[in-house]
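Below are the chains, spelled out letter by letter.
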Amino acid sequence: MKPSRNVGFYQGLKYQGRGPMLHWMLHRITGVAIVLFVGLHVFASFFMQQTGADLATQVNIVYESWQFQIIVAFIVIFHALNGLRVALLDFWPGFQNQVDQHRALWLQWSVIIPLYALTVFFLVTRSLAES
Amino acid sequence: MRARSVQPAMSFEYFMWIFTRGSGIALILLALIGISGAFLMGARTQMDLATVMRWTFFPNPNHVVNSNIPDVAIGWATAFWQIMQILIIILATTHGYNGLRVVIEDFMGDTYLRPMLRGLIFLLWLFSLIVAIYVILSS
């Protein structure tokens, strides 16, 4: 029997899934965001190269700005490391208990936060030095 | 808690479930190879971080046309990096568009819209693949 999918958005938010559920949601949101901006970037680059359209050039200029890169860096780093955690826990299901899941989340953030902080530091200092 | 031992029948969804995890891990490794290549070729002193990130995921001379680096094509225009780029493109587009399909199908029932959206995503996937591989092989 298929599980019922007739669950509203706010009803879904009330589900007490805590950490793993929030990461699942954020993984989906960042994943769709990556598909959107990489897809748009592919189309924009294609039309910039083939037709020289102004709109396409504008899109790529936005993509190359450091303000945009700060957002992209977080989205990509989070999606990559959260996906690594999900994949590893799926391949070793023995670790899929509540204690190990929360340990994995802490481990994940202890990698994401320094990596992202370093990225933002270099992005901001380099771009301030250039301007 | 002991893990249950279940052997599901091979289906499209099960195959894509495995593919998503495998390609995700492979993409992390390929990105590490790309970033190593960028640093070996002088990224630390020549490029800003945004450029290194673009080179990491798509190390292609056309892609970094605004990087203000004079000898940008040297080092990257080899068969090794072309194979790496094609691998990244095939894995990433398939991973991405399949993820989009999964998310969309989670929010809709089994209506007539489903095969249409699947077809649309398939066309987008095919177009992205062709454009990206054309860019790689023509540069």
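For every chain, the first residue of the written sequence is number 1, and numbering continues from 1 along that sequence. Note on labels: chains are lettered from A, ligands numbered from 1, in written order. Local features in a predicted model are, by the rule used here, given only for residues with pLDDT of at least 70; side-chain atom pairs are given and counted only at 80 or more, and totals for whole chains, interfaces and linings are based on all residues. Only heavy atoms go into the side-chain values, all of them from the structure, while hydrogens and water stay out.

### With respect to the packing of aromatic side chains
Where two aromatic rings form a pair, the distance of their centres and the angle of their planes describe that pair.
Residues and elements named next belong to chain A.
Thinking step 1. Pairing of aromatic rings covers Phe, Tyr and the six-membered ring of Trp, with a centre-to-centre limit of 6.5 Å; geometry is then stacked below 30 degrees between planes, edge-to-face above 60, and tilted otherwise. This structure, assessed with the given rule, holds seven aromatic pairs over all chains.
Thinking step 2. Where Phe74 meets Tyr116, the ring centres are 5.3 Å apart and the plane angle is 70 degrees; that geometry is what we call edge-to-face. On the criterion of sequence distance, the pair formed by Phe74 in helix H4 (residues 66–91) and Tyr116 in helix H5 (residues 98–130) is long-range, its members being 42 residues apart.
Thinking step 3. Ring pairing ties together the aromatic residues Phe74, Phe78, Trp109 and Tyr116, which thus form one cluster. Secondary structure elements follow DSSP: runs of H or I no shorter than four residues count as helices, runs of E no shorter than two count as strands, and numbering proceeds from the N terminus.

### Some details on helix H5 (residues 113–137) of chain B
Thinking step 1. A helix is expected to span 1.5 Å for every residue after the first. Between its first and last C-alpha atoms H5(B) spans 36 Å; for 25 residues at 1.5 Å apiece the expected length is 36 Å, and the two agree.
Thinking step 2. For H5(B), every residue scored as buried is listed here: B:Arg114, B:Ile121, B:Ser128, B:Leu129, B:Val131, B:Ala132, B:Val135 and B:Ile136.
Thinking step 3. In this structure, the buried residues of H5(B) make contact with helix H2 (18–50) of chain A together with helix H4 (79–106) of chain B. For every residue, the accessible area obtained with a 1.4 Å probe (protein chains only) is divided by the maximum for its type, and the residue is called buried under 20%, exposed over 50%, and partly exposed between those limits. Pairs of residues are marked as contacts when any of their non-hydrogen atoms sit within 4.5 Å.

### Some thoughts on the side chain of A:Gln101
Thinking step 1. Topologically, A:Gln101 is positioned in helix H5.
Thinking step 2. A:Gln101 has contacts with A:Pro20, A:Arg85, A:Phe95 and A:Gln96, leaving out every residue within four places of it along the chain.

### Describing the nonpolar core
Thinking step 1. Core analysis: the biggest nonpolar cluster contains eight residues, these being A:Ile34, A:Phe37, A:Ala44, A:Ala56, A:Val59, A:Tyr63, A:Val72 and A:Ile75.
Thinking step 2. Those elements that place two or more of their residues in this core are H2, helix H3 (54–64) and H4 of chain A.
Thinking step 3. Each residue touching A:Ile75, except ones within four places of it in the same chain, is listed here: A:Thr30, A:Ala33, A:Ile34 and A:Phe37.
Thinking step 4. In this structure, B:Leu30, B:Trp81, B:Met84 and B:Ile88 belong to the second largest nonpolar core, which totals six residues. The definition of a nonpolar core used throughout is a set of buried Ala, Val, Leu, Ile, Met, Phe, Trp, Tyr and Cys residues joined through side-chain atoms within 4.5 Å.

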